[in-house]
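Residue-level structural notes
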Amino acid sequence: MQTMPTTKVYIVFYSLYGHVEDMARKIQEGANGVEGVEATLWQVPETLPDRVLEKMKAPDKPHDVPEIRPEQLVEADGFLFGFPSRFGVMAAQFKAFFDATHELWATQALAGKPAGIFWSTGFHGGGQELTALTAVTQLAHHGMIFVPIGYTFGSGMFEMNEVKGGSSYGAGTYAADGSRQPTELELQQAFYQGKYVAELTKKLKPRPLPAQ
């Protein structure tokens, strides 16, 4: 009996104050809950100098999450990309990482691979939908398949009794002045997104040809 190969999902993120990192870890839990899926956390390189990060009172980067190089993206079957919003678009650190994927774009090495998006914003006008919408351009140029969650998260999508980030584009959280942490509902949506994208990635992964 032929065993199915492992489906690899890369969760690639940039997090300055830890909000996106918290979402990424919950997404990883959801993705790893799908049988046959191996979800791995990666962080993109920081572009700010240490002295600037110190002035911004940014915490240390997670020591258990390796930095990813652009060429490593080809190893994955699917992705979830996470970042803070900066004026309605992804943070410059993540944009710099995408800018470094030119060789992959030239060969369309990532074409046909599914990818979801998650994010954090400061407040309601900070791009809970716009940040995801503008990020889709990066996926389109690589030929990747954007995977929104739509309204499949159910009643959690329509919560009106508490502040909640996220949208039909994916999971999101509000950071406010940095003191607000992702809520249980926001983390539940992140977990759901990880599971949802992992299941779809598994379905789309090419099946090996039967032995002759």
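That block above? That's the structure.
What comes next is a walk through the structure. All figures in this text were calculated on a predicted structure; none of them were measured in a lab. (Residues numbered from 1 in each chain as written. Predicted model: local features only at pLDDT ≥ 70, side-chain atom pairs only at ≥ 80, totals over all residues. Heavy atoms only, no water.)

We now examine unusual backbone geometry. Positioned with a positive phi, Q108 is a non-glycine residue whose angle comes to about 50°. In this structure, Q108 sits in the loop between α4 (102-107) and β5 (114-121). You will see that A176, though not glycine, has its phi angle at about 55°, which is positive. With respect to the helices and strands, the residue A176 is situated in the loop between β7 (172-174) and α6 (184-204). (Helix = DSSP H or I, 4+ residues; strand = E, 2+ residues; numbered from the N terminus.)

The next subject is the pattern of salt bridges. Throughout the structure, instances matching the rule amount to nine salt bridges. Of the charged contacts, one joins K205 and D77 as a salt bridge, the two residues approaching to 3.1 Å between their closest N and O atoms. Of this pair, K205 sits in the segment after α6 while D77 sits in the loop between α2 (50-55) and β3 (78-86); the two residues are 128 residues apart in sequence, bridging distant segments of the chain. With relative accessibility at 18%, the residue D77 sits in the buried group. Taking the shortest distance from any N to any O, the salt bridge between D99 and K95 comes out at 2.6 Å. (Salt bridge = Lys/Arg side-chain N within 4 Å of Asp/Glu carboxyl O. Buried < 20%, exposed > 50% of the residue type's maximum accessible area, 1.4 Å probe, protein only.)

Let's shift gears to empty space enclosed by the protein. It is the rolling of a water-molecule-sized probe over the atoms that shows where space remains empty. Here the structure, examined in full by the defined rule, presents one cavity of 30 Å³ or more. By volume, the largest cavity amounts to about 40 Å³. Considering the residues around the largest cavity, the lining is formed by F13, Y14, S15, Q43, V44, P45, E46, K61 and P62. Looking at the lining of the largest cavity residue by residue, the classes come out as five nonpolar, two polar and two charged. (1 Å grid on protein atoms, 1.4 Å probe; cavity = no way out; pocket = protein on both sides within 12 Å on 5 of 7 lines; lining within 4 Å. Points joined across faces, edges and corners; volume = space filled by probe spheres on them. Nonpolar A, V, L, I, M, F, W, Y, C, P; charged D, E, K, R; others polar.)

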